[in-house]
Amino acid sequence: MKNIEPASMTPLRFDQREQRRRSLFSHTWGELIPKVFEDVPKYYRSGNIVASLGLWELWVWQFVKTIKLEPGYKALDVCAGTNDIGIRLLRKQAGISLTAIDRSKEMQEEGQVRAGKYGVHIDSIIQDVHQLPFPDQSFDVVTLQAASRHLQMDKVLPEILRVLKPGGHFYHCDMLKPSTPLVEWFYLRFLRLSVAWTALLFKSTETSKNCGIYFKDAIMNFYTPEELTEVFRMVGFRNIVCKKSIWGGMVGFHKSQRPLD
Ligand SMILES: C[S@@+](CC[C@H](N)C(=O)[O-])C[C@H]1O[C@@H](n2cnc3c(N)ncnc32)[C@H](O)[C@@H]1O
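The rules behind these values
- Within every chain, residues take consecutive numbers counted from 1 along the sequence as written.
- In keeping with the model being predicted, local features are shown solely for residues with a pLDDT of at least 70 and side-chain atom pairs are shown and tallied solely at 80 or more, while totals for entire chains, interfaces and linings include all residues.
- Each pair of strands is called paired provided DSSP finds at least two bridges between the two strands.
- To qualify as a helix, a DSSP run of H or I must reach at least 4 residues; to qualify as a strand, a run of E must reach at least 2; elements of each kind are numbered from the N terminus.
- By definition, the crossover connecting two strands over a helix is right-handed if that path, from the first strand to the second, turns clockwise as seen with the strands pointing away from the viewer.
- Whether a residue is buried, exposed or partly exposed follows from its count of other C-beta atoms within 10 Å of its own C-beta, namely 20 or more, 12 or fewer, or something in between, respectively; the C-beta atoms are built from the backbone.
- By definition, residue pairs are in contact when their C-beta atoms, positioned from the backbone, come within 7 Å.
- Geometry is summarised by axes, namely lines fitted to C-alpha atoms with helices restricted to the contacting stretch, and by angles between N-to-C directions that run from 0 to 180 degrees.
- Any residue whose backbone-placed C-beta atom lies within 6 Å of a molecule or strand is treated as near that molecule or strand.
- Any residue outside Ala, Val, Leu, Ile, Met, Phe, Trp, Tyr, Cys, Pro, Asp, Glu, Lys and Arg is labelled polar, Gly included; the first ten of those are nonpolar and the last four are charged.
- pLDDT is defined as a per-residue confidence score from the predictor, taking values between 0 and 100.

## Thoughts on the pairing of strand E2 (residues 97–102)
Two strands pair when backbone bridges link them, and strand E1 (residues 74–78) and E2 are joined in this way by five bridges, in the parallel orientation. Residue pairing for E2: Asp 77 is matched across the bridge by Ala 100. Traced from E1 through helix H4 (residues 84–92) to E2, the parallel crossover comes out right-handed. Of the crossover connections in this fold, the one passing from E2 over helix H5 (residues 105–117) to the parallel strand E3 (residues 123–126) is right-handed.

This is the structure:
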């Protein structure tokens, strides 16, 4: 499946990209993805480490390092999964309060067990994140890691902007569409193999095993780091800093800010 859209991003191209992603993946997002996250909570972290040949830990460590926290901050982790990010944020700055939102009850149940093991408290909300159940200007910091490929970005990003306080920061990190064809070639083949060997090793269900093609297509139809910077700007974020990491930009970090009113 080839992406033939031009590299630069405009409001019209953003709209077209989101329409295309919806037309390709709505069924997968609605049916397959929830089933996958019923299956994986117990081995989610070790599965990621195996699938990425250990790079997952480096990626998450790098991401959390970029996040600035002050005592008293209210933080929201969107698509929090098993609370990997939330736990690390609370261990970095114990004086914050942290809310996790994810539609997978199973992932969040495992996340609560993990939070208990580390002795930290995380409020958990089980809900789809395309509408966030919080008043405007609620949070100093919002994080979103390793999930936006499964989301409608034209819906979720305005919601994140809305719930951030003026001057608050949004930290995003995900596997993005590589900016160069050579990296893309290796990356896509690696991804197919890694999904297959991880599924075999952890005895995944058929649904999870069948995710390899979706994972590849979801990345190919997602955004390059540069395009995502433009998307954030169009939605209304400012002071956007993008850092590419791991094998020439397979993973991208974006830090951005809600403007002061
Ligand atoms: C790959 S996991 C990432 C978890 C966590 N952010 C991390 O980095 O470990 C993706 C998570 O996104 C959640 N998710 C996907 N689509 C969602 C949606 N529409 N609403 C809420 N959660 C969603 C899944 O349930 C899953 O827990």
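Following the structure, the description resumes.
## Re helix H6 (residues 153–163)
Those residues of H6 lying buried are Val 156, Leu 157, Ile 160, Leu 161 and Val 163. The secondary structure elements touched by the buried residues of H6 are E1, strand E4 (139–145), strand E5 (164–175) and helix H10 (225–235).

## Focus on the environment of Gly 72
The topology assignment puts Gly 72 in the loop between helix H3 (55–65) and E1. The exposure class of Gly 72 is exposed, given the 10 C-beta atoms found within 10 Å. In sequence terms Gly 72 and Asp 123 are 51 residues apart; their C-alpha atoms lie 15 Å from each other.

## Observations concerning the sheet that holds E1
The seven strands are arranged E3-E2-E1-E4-E5-E7-E6 in an open sheet whose pairing can be described as mixed. If you trace the sheet from one side to the other, it starts and ends with E3 and strand E6 (238–245), each paired once. Within the sheet, the average angular offset between the axes of one strand and its neighbour, ignoring direction, is 15°. Pairing of E4 with E5 involves six bridges; the strand directions are parallel. Within the sheet, the bridge partner assigned to Val 141 lies in E5 and is His 169. Each of E2 and E3 is contacted by H5, which is oriented at about 170° to E3, the strand it contacts most.

## Quick notes on the pairing of strand E7 (residues 251–257)
Most of E7 is tucked away: six of the seven residues are buried. Both E5 and E7 contribute to a ladder of seven bridges, which runs antiparallel. Bridge pairing in E7 links His 169 to Gln 257. Judged from the six bridges that link them, E6 and E7 form a sheet pairing that is antiparallel. Its bridge partner being in E7, Lys 243 is matched across the sheet by Phe 253.

## Some words on unusual backbone geometry
Even without being a glycine, Asn 83 presents a positive backbone phi close to 65°. Within the chain, Ala 146 stands out as a residue other than glycine whose phi angle is a positive 60°. Residue position: Ala 146 is located in the loop between E4 and H6. For Ala 146, a count of 19 C-beta atoms within 10 Å translates into the label partly exposed.

## Details of the site of the ligand
Around the ligand, 19 residues are found, and the nearest of them are Cys 79, Gly 81, Arg 103, Ser 104 and Ala 147. Residue assignment for the shell around the ligand shows that the elements contributing at least two residues are helix H1 (11–39) and H4. Its residues assigned to classes, the shell around the ligand comprises ten nonpolar, five polar and four charged.

## Points about the confidence of the model for the protein chain
With 90% of its residues at a pLDDT of at least 70, the protein chain reaches an overall mean of 88. In this model, residues 1–6 is a region of pLDDT below 50 whose contacts with residues beyond four sequence positions or in other chains number six contacts.

## Let's talk about the environment of Leu 151
By the element assignment, Leu 151 lies in the loop between E4 and H6. You can call Leu 151 buried: it has 21 C-beta atoms within 10 Å. As a C-alpha pair, Leu 151 and Ser 104 span 47 residues in sequence and 14 Å in three-dimensional space. Excluding residues within four positions of it along the chain, Leu 151 makes contact with Val 129 and Val 156.

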